[in-house]
Amino acid sequence: MPFADLSATSNFTFLTGASHPEEMVARAAELGLEAIAIADRNTLAGVVRAHVAAREIAREQAAALREKRGVTSADVAARGARGKHDAGGNIPAPKAEPVALAARSAPRLLAASRLAFEGHPDVTAIPTDRAAWGRLCRLLTLGKRRAAKGACILRAEDLEAWGEGMILLLHGGDLDPAQEAAPSQRGAGLTAQAARRWTRRFPGHVFTAAHPRHDGRDAARLMAAARLAERSGAPLVALSGAMMHAARRRALADVLTAIRLGTTVERLGRAALANAEARLRDEAEMRRLFAAHPEAVDRTMEIAGRVSFSLDQLAYEYPDEESGGETAQERLARLAAEGLAWRYPDGVPEKPRAMADRELNLIGKLGYARYFLTVRDIVAFARSRGILCQGRGSAANSVVCYALGITAIGPEIGSMVFERFVSEARDEPPDIDVDFEHERREEVIQHIYRRYGRERAGLCATVIHYRARRAIREVGRAMGLGEDAVAAIASQTWGWGSEGVPEDRIREIGLDPTDRRLALTLALCREITGFPRHLSQHVGGFVITSGRLDELVPIENAAMEDRTVIEWDKDDIDALGILKIDVLSLGMLTCIRKAFALIEQHHGVRYGLASIPAEEPAVYDMLCAADSVGVFQVESRAQMNFLPRMRPRCFYDLVIEVAIVRPGPIQGDMVHPYLRRRRGEEPVSFPSNALGEVLGKTLGVPLFQEQAMQIAIIGAGFDPSEADRLRRALATFRKTGTIHTFRERFVAGMLANGHEPDFAERCFSQIEGFGEYGFPESHAASFALLVYASAWIKRFHPAIFACALLNSQPMGFYAPAQIVRDARAHGVRVRPVCVNASYWDNAIERDADGALALRLGFRQIKGLGEEDARWISAARGNGYAAVEDVWRRAGAPPPALARLAEADAFASLGLDRREALWAAKAVAGDAPLPLFAPDGEGIVEPAAHLPKLTEGEQVVEDYVALRLTLRAHPLALLRGLLTPQETS
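Since we're looking at a predicted model, the values are computed, not measured.

What counts and how
- Residues numbered from 1 in each chain as written.
- Predicted model: local features only at pLDDT ≥ 70, side-chain atom pairs only at ≥ 80, totals over all residues.
- Heavy atoms only, no water.
- Buried < 20%, exposed > 50% of the residue type's maximum accessible area, 1.4 Å probe, protein only.
- Helix = DSSP H or I, 4+ residues; strand = E, 2+ residues; numbered from the N terminus.
- Arc of directions from axis to C-beta.
- Phe/Tyr/Trp six-rings, centres within 6.5 Å; stacked < 30°, edge-to-face > 60°.
- Lys NZ or Arg CZ within 6 Å of the ring centre and 35° of its normal.
- Core = buried A, V, L, I, M, F, W, Y, C linked by side-chain atoms within 4.5 Å.
- Contact = heavy atoms within 4.5 Å.
- Pairing = 2+ DSSP bridges.
- Axes fitted to C-alpha atoms, helices over the stretch in contact; angles between N-to-C directions.
- pLDDT = per-residue confidence, 0-100.
- Salt bridge = Lys/Arg side-chain N within 4 Å of Asp/Glu carboxyl O.

**Considering helix H34 (residues 743–752)**
Taken as a whole, H34 has its buried residues at Phe746, Val747, Gly749 and Met750. Considered in projection along H34, the buried side chains sweep an arc of 160° and stay on one side of the axis. Away from its buried face, by an angle of more than 90 degrees, H34 presents the exposed residues Glu744 and Ala752. Remark: glycine 754 follows H34 within two positions and exhibits a positive phi of approximately 90°.

Now the structure itself:
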């Protein structure tokens with residue numbers, strides 16, 4: 001009987017396992033194992049990756065077998081298409097199906113987790129069916145929710161309550177024989193107690209696990225484990241004890257242990273691996289090791305045969321959004337009709353009405369109504385609280401989303417082809433991300449938790465992987481390198497850097513690359529790069545379910561208060577077809593909302609993203625002049641350099657502007673050809689008529705991620721499964737770097753379809769660039785609206801724009817000093833911080849001539865707290881007459897008075913910096929004493945005559961206290977020294 005490894009540890013037992021789940025599965029296939037269970041400590045975080053790897057191996061073997069038998073992909077697709085029309089809608093499995101034959105040669109993945117209990121031995125739990133999987137997730141959630149982030153506290157009674165339907169492998173039965181002879185509260189005695197307890201609770205489901213340690217005592221140890229198994233009624237099961245897929249990872253395993261324990265490899269002692277045998281093994285080797293207990297090996301396949309559960313059984317359901325007796329589709333249609341009437345108060349034009357009807361029909365056909373309603377309800381909550389938001393993504397730029405208020409891009413602004421975003425051919429949900437104001441997104445997140453409950457909603461995880469710099473720091477310390485050497489090597493790396501540091505760079509910093517310890521350290525750094533280190537929370541990806549989310553995946557506490565996170569990241573849930581709604585934050589939305597409020601306050605006009613006057617020539621004139629400090633997405637130096645060359649004159653030009661200055665188009669050398677064609681210096685041509693439909697709007701040059709994917713399908717002949725794998729490779733490029741595996745297939749397909757080699761290579765280079773950072777057209781269109789909105793505010797309301805920008809800090813490229821300098825260059829009068837005029841936020845004041853001026857707020861003062869600032873403005877009344885007044889009336893503590901004095905906030909009282917600071921230092925204590933009240937017996941102190949600050953000193957103090965100055969530019973004070981003197 002073959003062998004199944006029922007408890008293998010991957011590197012998702014963080015800083016312990018020395019191989020990726022994918023490597024474990026691939027090695028299991030090489031060894032001919034029938035099944036493998038990835039069982040990481042108190043987690044299921046790595047099982048989806050193992051599942052995807054097993055599925056990919058089965059696919060590759062099936063494809064190879066089809067090719068050997070002469071069955072093409074087209075034949076399989078045609079057979080599947082015919083099968084879809086069978087009664088019941090099931091695809092029949094013909095006899096001797098090549099896919100089924102090949103799949104049996106790939107290892108079967110058993111989802112499992114190794115549970116660590118307080119006061120009891122570890123147990124590997126393998127759910128046998130879907131219900132048991134749900135209980136395992138609930139069990140892990142229970143342990144994780146009662147502990148801090150990253151920890152799990154499980155008790156024996158938890159397993160008794162939730163362990164029904166699981167195979168339980170009890171560890172610890174293979175301890176030293178001496179412990180069997182003298183059982184205690186630890187070791188074999190404790191294992192025996194646990195075995196008896198759990199065999200009574202789960203008869204027939206508990207087994208004693210044992211694995212060889214290769215220390216010369218395995219025979220006696222395994223015999224003791226067999227006796228323990230016989231006495232307790234928990235039969236013996238053979239394990240390999242694998243924590244790495246191959247013996248060559250032993251050194252890395254020791255380094256991981258040293259990092260986990262905060263020590264060096266040299267000081268690990270007994271914590272280091274005694275040998276390199278904790279690896280996967282084939283059936284023959286396992287039978288040799290368990291020669292005296294062959295039934296322990298046979299039993300592995302008996303157990304695997306009892307497990308019917310697969311991750312493919314995890315059926316995800318959208319939240320139920322039915323209301324008032326309406327179905328989800330009926331409710332969506334009603335809300336869309338109401339939304340169109342709201343968007344078009346003078347009557348809905350025929351074009352958007354027809355587009356909405358077509359989109360609603362497609363949504364109903366594909367069953368996506370509940371998804372759109374979920375997003376709409378989240379956006380409706382934000383709107384009810386006055387929180388500005390804007391949707392983007394594959395389905396956001398549609399008339400339905402425009403009507404629902406998810407996006408402000410209407411059919412008049414952007415061109416929409418809904419089938420490009422939601423297609424019958426793609427069996428995946430549409431993608432909508434929603435950006436909210438960065439200061440108020442937490443309100444939306446907590447609303448989602450309140451509405452759906454923490455058992456139905458949770459944030460996605462983000463797996464934090466080792467990058468080159470972190471790898472060098474942690475591996476270097478574990479290997480005993482000095483801090484100076486570690487810092488010097490780390491300074492030579494950038495980004496992921498899996499290729500390591502070149503030898504010549506090592507020599508440049510004074511180190512010898514041939515040194516044995518250093519060479520081994522660098523090799524281990526390359527090996528550990530890409531390893532998961534711990535889980536963090538996604539920036540805003542929410543998973544919301546109809547049933548219990550904690551029966552789909554374990555949920556744990558996040559580091560942030562009132563946040564809970566599932567164990568899987570966005571790639572995992574994508575692989576399983578689970579819905580994610582991205583609830584993201586965007587500082588520019590905060591700025592725009594505050595600007596709209598100021599415009600309404602001072603001009604009496606209410607604006608929204610959809611109601612800003614469109615296509616103003618003056619806005620485009622400003623952008624063509626690269627006057628874009630503070631403008632969303634086009635404020636960087638690279639964008640400022642590109643704007644005069646691009647010369648945008650319409651909204652779609654802004655869409656291209658947003659997307660073109662990115663690694664994808666730049667790496668693919670698409671920028672200059674586009675500019676030449678735009679200027680008429682090069683004829684617009686298309687590689688083929690079919691690609692002309694894809695590249696028409698971008699003058700025959702691929703600029704967007706969607707275009708790159710369409711080129712792969714149309715130009716290179718990728719079938720849907722190949723395109724899906726390419727998309728997933730793009731999504732995980734920074735972690736796994738597998739895009740290069742598609743190069744040969746892509747280029748060969750392009751050449752076979754008659755395209756030029758240079759075009760094929762440039763297209764694939766662009767795809768690789770998108771893997772580093774790509775920008776889809778659907779996202780670019782949403783961002784382009786914010787570009788236009790922020791540019792419109794800057795052009796027509798420069799004082800308000802600067803005020804809103806300052807009140808939304810920190811954000812963007814520019815510091816407050818640069819924002820203020822730019823505002824003054826646009827004719828805005830900027831007034832200093834004043835104890836009698838300023839508030840916490842920067843404010844807009846109206847001059848006698850009706851012009852608006854910007855008053856700097858207390859928030860600009862370094863070190864001044866918001867609470868103190870608000871008390872100062874609230875207690876001001878008719879104004880303060882002296883520094884001491886602020887102390888008495890507002891209760892401002894002496895340090896706050898000093899901060900105000902250093903910022904020259906008492907200038908309106910006739911006090912310069914030094915005089916105000918002198919008065920502030922005279923104040924002692926947090927509250928005035930009665931004896932020294934205005935009617936008390938105070939002492940009259942003689943006036944202090946302090947020297948005046950020079951202009952240069954004033955500028956320096958401005959920057960120290962405010963990080964900006966309204967006085968002279970620093971270089972203006974040096975102009976006389978920098979200007980060459982004429983000689984007679």
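**Digging into the packing of aromatic side chains**
According to the stated counting rule, one finds 15 aromatic pairs in the structure shown. Residues phenylalanine 813 and tyrosine 814 carry aromatic rings whose centres are separated by 6.5 Å and whose planes lie at 45° to one another, so their mutual orientation is tilted. One Lys or Arg, arginine 795, reaches over the ring of phenylalanine 796 and ends 5.1 Å from the middle of that ring.

**A look at the nonpolar core**
By size, the foremost hydrophobic cluster in this structure holds 126 residues, and its most contacted members are Phe746 and Val886. With 12 residues, helix H36 (residues 777–796) is the single largest residue contributor to this core. Excluding residues within four positions of it along the chain, phenylalanine 746 makes contact with Ile711, Ala712, Ala716, Phe718, Ala760, Cys763, Phe764 and Ile767. By size, the runner-up hydrophobic cluster in this structure holds 90 residues, among which are Leu311, Ala328, Ala461 and Ala558.

**Side note on the sheet that holds strand S16 (residues 843–846)**
Here we have 3 strands laid out as an open sheet, ordered S15-S17-S16, and mixed in their pairing. Strand pairing shows two members of the sheet lacking a second neighbour, strand S15 (829–831) and S16, which therefore form its edges. Across the sheet, the mean angle separating the axes of adjacent strands is 35° when strand polarity is ignored. The sheet contact formed by S15 and strand S17 (residues 852–855) spans 3 bridges and is parallel. Its bridge partner lying in S17, valine 830 is registered against leucine 854. Sheet contacts for helix H24 (residues 587–603): S16 and S17; angle to S16, the most-contacted strand, approximately 20°.

**Here we look at the confidence of the model for the chain**
Of all residues in the chain, 88% have pLDDT values of 70 or greater, and the mean over the chain is 86. No element of the chain has a lower mean pLDDT than helix H4 (residues 98–103), which averages 37, and none a higher one than strand S2 (residues 35–41), which averages 97. Here residues 72–104 is modelled with pLDDT under 50, and outside its nearest four sequence neighbours on either side it reaches 29 contacts, counting other chains as well. Scored below 50 in pLDDT, residues 177–186 makes 15 contacts in the model with residues more than four places away or belonging to other chains.

**Thoughts on the pattern of salt bridges**
Taken as a whole and judged by the stated rule, the model has 71 salt bridges. When the shortest N-O distance is used, the salt bridge between aspartate 377 and arginine 451 registers 3.1 Å. Of this pair, aspartate 377 sits in helix H15 (residues 369–384) while arginine 451 sits in helix H18 (residues 441–452), and the two are 74 residues apart along the sequence. Taking the shortest distance from any N to any O, the salt bridge between arginine 392 and aspartate 435 comes out at 2.5 Å.

**Things to note about the sheet that holds strand S7 (residues 236–238)**
The strand order across the open sheet built from 7 strands is S1-S2-S3-S4-S5-S6-S7, with neighbouring strands paired in mixed fashion. Looking at the sheet topology across the chains shown, the edges are occupied by strand S1 (4–8) and S7. Pairwise comparison of adjacent strand axes, ignoring direction, gives a mean angle of 30° for this sheet. Lying on the sheet, helix H2 (residues 47–69) is in contact with S2 and strand S3 (108–117); it crosses S3 at an angle near 165°.

**Observations concerning helix H39 (residues 866–874)**
Restricting attention to buried positions, one finds in H39 the residues Ala869, Ile872 and Ser873. Taken down its axis, H39 places every buried residue within 90° of arc, on the same side. Residues Glu867 and Ala874 are exposed on H39 and point more than 90 degrees away from its buried face. Against helix H40 (883–890) and helix H41 (894–902) lie the buried residues of H39.

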